[in-house]
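The residues making up each chain are set out below.
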Amino acid sequence: MDNIRFGAFVAQLRKEQGLTQKELADRLNVTDKAVSKWETGKGFPDVKLLESLAQALGVSLVELMQGERQEADTLTVAEAGTVVSQALGQSEKITARRYLRLFRWCLTAVCGLCLLCLWPSIMYIAVVCLDPGHFSRPVTDLGVIGGADGPTVIVTSSANKLLQVGIPFLLLITCIVLAVKVWRLEKRLK
């Protein structure tokens, strides 16, 4: 089923009925933006709305699905099956794209949270890379405390650093890779 052909047919029928997009939308309990998307081929109505849409436009469901008026009043079983399977396939694609878009936004949010967790480490690395004299400074600038008998170094656990940096970094990379794959899958479903 071709969205452009379907949309042009809906627009033609709506104009023949003397309806505006807003009036048709009100009859179907949807927004006029939804009707506009259908007519421009950028969207497709939910399968639950197809029968109501056909009634509102004064055509049969089969005519609506095929995007043209039928001369004969009946279809063969094969033709009807084809029309129904095309409508269901189109609806499934739209639903899949919606869920993929939602999943991609969730992955993007997790990436943002990971970046927030990694921000102190990123800033430390930036300071070290941008300040070539960082390692030539006295040891007291690196968080070492001094006592009467000399400097004392406080050693932290490397497992703590792994939790602070390693896990958010791996999660960030994983989410980026998944978001790109989901985005590509979304593009293929169009």
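The sections below set out a description of the structure shown in this document. Worth saying up front: this structure is predicted, and the values here are computed from it rather than measured.

The rules behind each value
- Residues numbered from 1 in each chain as written.
- Predicted model: local features only at pLDDT ≥ 70, side-chain atom pairs only at ≥ 80, totals over all residues.
- Heavy atoms only, no water.
- Helix = DSSP H or I, 4+ residues; strand = E, 2+ residues; numbered from the N terminus.
- Contact = heavy atoms within 4.5 Å.
- Areas by Shrake-Rupley, 256 points an atom, 1.4 Å probe, with all protein chains shown as cover.
- Axes fitted to C-alpha atoms, helices over the stretch in contact; angles between N-to-C directions.
- Parallel < 35°, antiparallel > 145°, perpendicular 65-115°, else oblique.
- Left-handed = near helix turned anticlockwise from the far one by under 90°.
- Core = buried A, V, L, I, M, F, W, Y, C linked by side-chain atoms within 4.5 Å.
- Buried < 20%, exposed > 50% of the residue type's maximum accessible area, 1.4 Å probe, protein only.
- Patch = residues over 30% accessible without salt bridge, like charges linked within 9 Å, V, L, I, M, F, W, Y side chains within 5 Å.
- Salt bridge = Lys/Arg side-chain N within 4 Å of Asp/Glu carboxyl O.
- Lys, Arg positive; Asp, Glu negative; His and termini not counted.
- Polar contact = N/O pair within 3.5 Å; in protein donor to acceptor, adjacent residues only side chain to side chain.
- Arc of directions from axis to C-beta.

### A word on the overall build of the protein
On a plain count of helices and strands, the protein comes out with 7 helices and 2 strands. Counted over contacts in the protein with a minimum sequence separation of 6, partners at least 24 positions apart contribute 62%. Counting every atom, the protein has about 13,000 Å² of accessible surface; 63% of that belongs to carbon and sulfur.

### Examining the packing of helix H2 (residues 21-28) against helix H3 (residues 32-40)
At a minimum axis distance of 8 Å, the contact between H2 and H3 shows a crossing angle of 110°. As judged from the angle between their axes, H2 and H3 are roughly perpendicular. Of the two possible hands of crossing, H2 and H3 adopt the one that is right-handed. Contacts from Gln21, Lys22, Leu24, Ala25 and Leu28 of H2 reach H3 at Asp32, Val35, Ser36, Trp38 and Glu39.

### Some thoughts on the nonpolar core
Counting 23 residues, the largest nonpolar core has Leu24, Leu53, Leu57 and Leu64 as the members making the most contacts within it. Taken together, the elements giving at least two residues each to this core come down to helix H1 (3-16), H2, H3, helix H4 (47-57), helix H5 (61-66) and helix H6 (77-130). Per-element tally for this core: the top contributor is H4, with 6 residues. With residues up to four places along the chain from it excluded, the contact list for Leu24 reads Val10, Arg14, Leu19, Val35, Leu53, Ala56 and Leu57. In this structure, Leu107, Leu118, Leu172 and Val182 belong to the second largest nonpolar core, which totals 9 residues.

### Here we look at a nonpolar patch on the surface
A cluster of nonpolar side chains, contributed by Phe169, Leu170, Ile173, Ile176, Val177 and Val180, occupies part of the molecular surface with about 510 Å² of accessible area. Relative accessible area serves as the criterion here: at 44%, Phe169 is assigned to the partly exposed category.

### A closer look at the environment of Cys117
Note on placement: Cys117 falls in helix H6. Residues Cys117 and Ile167, 50 residues apart in the sequence, show an inter-C-alpha distance of 10.0 Å. With residues near it in sequence (within four places) discarded, Cys117 still touches Gln164 and Pro168.

### Brief notes about the packing of H1 against H3
At a closest axis distance of 6 Å, the pairing of H1 and H3 adopts a crossing angle of 120°. Taken as axis vectors, H1 and H3 run oblique relative to one another. Packed against H1, whose contacting residues are Asn3, Ile4, Gly7, Ala8, Val10, Ala11 and Arg14, the element H3 presents Trp38, Glu39 and Thr40 at the interface.

### Points about the side chain of Arg97
Mapped onto the secondary structure, Arg97 falls in helix H6. Despite its burial, Arg97 pairs with no opposite charge; the closest candidate is Glu186, at 6.5 Å N-O. In this structure the side chain of Arg97 is engaged in a polar contact, spanning 3.3 Å, whose partner is the backbone oxygen of Leu189. The contact partners of Arg97, leaving out residues within four places of it in the chain, are Glu186, Leu189 and Lys190.

### Section: H4
By the burial criterion, the buried members of H4 are Leu49, Leu50, Leu53, Ala54, Ala56 and Leu57. Viewed end-on, H4 has its buried residues packed into an arc of 160°, placing them on one side of the element. Seen from the buried face of H4, the exposed residues on the opposite side, beyond 90 degrees, are Lys48, Glu51 and Gln55. One or two positions beyond H4, positive phi appears at Gly58, with a value near 75°.

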